[in-house]
Amino acid sequence: MAVEVRIPTILRSYTDGAKTVDGKGDTLADVIDSIEANHQGIKERLVDGGDLRRFVNVYVNDEDVRFLGGLQAPTTDGDTVVVLPAVAGGA
Amino acid sequence: MYDAIVAHARRDHPDEACGIVAGAAGSELPSRFVPMVNAERSPTFFRFDPTEQLRVWREMDDRDEVPVVIYHSHTATEAYPSRTDVSLASEPDAHYVLVSTRDGAHEPGPVEFRSFRIVDGEVTEEEVEVVP
């Protein structure tokens, strides 16, 4: 078992086009580190300093991780992590 | 579809309105209008509500659709992607539609309605054809 991570179109250049990759870890931070090992560069697109990037939405089992402790959000085998770039802009 | 987008932009003026028009993957045909909440409720900024976005994106996945059009309004400036719009554009396959309500917040005032591709920070305008 693993944590399934769903990758949005714009980041699939890091995953050879794969829509989902397997990660592992007890927190979102660990899961991101584990996918970085095989898909170098992807972490930089998700994390800035010690925090999730402001315009990246991440969900664990459909729950916005901002309400689950951000990078410290707990994860466990069988969970699904969804990454969606925010749709945003400003005049 | 054109009318629905313009009506949404007018309704939310002076805040920015935003949403998508979904279409079958690979078809390039915008067919399902989905107005979205602007979580910022701001005259100068918009952001899809993350929970609503997840729901809508999943719905598109289930129907084998993509966001063919991503639209938002500018309420005091021209219908052209701002620097923020360009730096945050995250769907290279989408047509970014901008509506400006600066001169026509209410019927029957004029609105600008323009469409762009935004790929790797590069903006390309494209012609808009309104199909009845």
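It should be emphasised that the depicted structure is a prediction, and the values quoted were computed from it without experimental measurement.

**Q** Just to check I follow, could you spell out the sheet that holds strand E7 (residues 80-85) of chain A for this structure?
**A** Picture the strands of a sheet paired through backbone hydrogen bonds; they go either parallel or antiparallel. Taken in spatial order, the five strands line up as E2-E1-E7-E5-E6 (chain A) in an open sheet, and their pairing is mixed. Edge positions in the open sheet fall to strand E2 (20-23) and strand E6 (63-64) of chain A, since each of these has one partner strand only. For strand E5 (residues 56-60) of chain A and E7 of chain A, the ladder comprises five bridges, and the chain directions are antiparallel. Bridged to valine 58 of chain A within E7 of chain A is valine 83 of chain A. In the packing of helix H1 (residues 28-38) of chain A onto the sheet, the strands contacted are strand E1 (3-6), E2, E5 and E7 of chain A, and the crossing angle to E2 of chain A comes to about 115°. Along the sheet, helix H2 (residues 50-62) of chain B contacts E5, E6 and E7 of chain A; its crossing angle with E7 of chain A, the most-contacted strand, is approximately 105°.

**Q** Mind showing me how you'd approach the nonpolar core here?
**A** One recurring pattern in soluble globular proteins is that nonpolar side chains are buried together. Counting residues in each nonpolar core, the largest one holds 30 residues, and the members touching the most others are Cys18, Ala22, Ile70, Tyr71, Tyr96, Val97 and Val99 of chain B. Where this core is concerned, the elements lending two or more residues are helix H1 (2-12), strand E1 (18-24), H2, strand E4 (65-74), strand E5 (95-100) and strand E6 (112-119) of chain B. Of all hydrophobic cores here, the second largest spans 20 residues; its members include Val21, Val31, Ile32 and Ile42 of chain A.

**Q** Whenever I open this one, the confidence of the model for chain B confuses me. Can you help?
**A** Should the pLDDT be low somewhere, the predicted coordinates at that spot are not to be read in detail. Per-residue pLDDT for chain B has a mean of 94; in total, 100% of the residues score no lower than 70. The complex model carries a pTM of 0.90, and its ipTM stands at 0.90.

**Q** Would you explain H1 of chain B in this entry?
**A** What sets the pattern is the α-helix's 3.6 residues per turn: residues three or four places apart point alike. Three or more residues of H1 of chain B are buried, namely Ile5, His8, Ala9 and Asp12 of chain B. The arc that holds every buried residue of H1 of chain B, seen down its axis, measures 100°, which confines them to one face.

**Q** So what exactly am I meant to see when it comes to the interface of chain B and chain A here?
**A** By a widely used convention, the size of an interface equals the accessible area lost when the partners come together. The partner chain A presents 16 residues to the 23 residues of chain B that form the contact. With five residues, H2 of chain B is the largest single contributor of residues to the side of chain B that touches chain A. Grouping the amino acids of the side of chain B that touches chain A by side-chain chemistry returns ten nonpolar, nine polar and four charged. Where strand E8 (residues 88-90) of chain A and strand E3 (residues 45-47) of chain B come together, three bridges link them in antiparallel fashion. Counterpart to alanine 88 of chain A in the pairing with E3 of chain B is arginine 47 of chain B.

**Q** Even after reading the chapter, I still don't get the sheet that holds E6 of chain B, so can you show me in this structure?
**A** Residues and elements named next belong to chain B. A sheet is described by the order of its strands in space; here six strands give the open sequence E2-E1-E4-E5-E6-E7, paired in mixed fashion. The open sheet terminates on both sides in strands that have one partner only, identified here as strand E2 (32-36) and strand E7 (122-126). Averaged over neighbouring strand pairs, the angle between their axes works out to 30° when direction is ignored. Sheet analysis places E1 next to E4, joined by seven bridges and oriented antiparallel. Of the residues in E4, the one forming a bridge with alanine 24 is glutamate 65.

**Q** What exactly am I supposed to notice about the environment of glycine 78 of chain A here?
**A** Residues and elements named next belong to chain A. For glycine 78, the position within the fold is in the loop between E6 and E7. Given 10 C-beta atoms within a 10 Å radius, glycine 78 is considered exposed. For glycine 78 and alanine 91, which are 13 residues apart along the polypeptide, the C-alpha to C-alpha distance reads 41 Å.

**Q** Could you clarify how one ought to interpret the pairing of E7 of chain A in this entry?
**A** Along a regular strand, successive side chains alternate from one face of the sheet to the other. Alignment of E1 of chain A against E7 of chain A, held across three bridges, turns out to be parallel. Looking at E7 of chain A, one finds that arginine 6 of chain A is bridged to valine 82 of chain A.

Cut-offs and rules
Residues numbered from 1 in each chain as written. Chains lettered and ligands numbered in written order. Predicted model: local features only at pLDDT ≥ 70, side-chain atom pairs only at ≥ 80, totals over all residues. Pairing = 2+ DSSP bridges. Helix = DSSP H or I, 4+ residues; strand = E, 2+ residues; numbered from the N terminus. Contact = placed C-beta atoms within 7 Å. Axes fitted to C-alpha atoms, helices over the stretch in contact; angles between N-to-C directions. Core = buried A, V, L, I, M, F, W, Y, C linked by C-beta atoms within 7 Å. Buried ≥ 20, exposed ≤ 12 C-beta atoms within 10 Å, placed from the backbone. pLDDT = per-residue confidence, 0-100. Arc of directions from axis to C-beta. Nonpolar A, V, L, I, M, F, W, Y, C, P; charged D, E, K, R; others polar.

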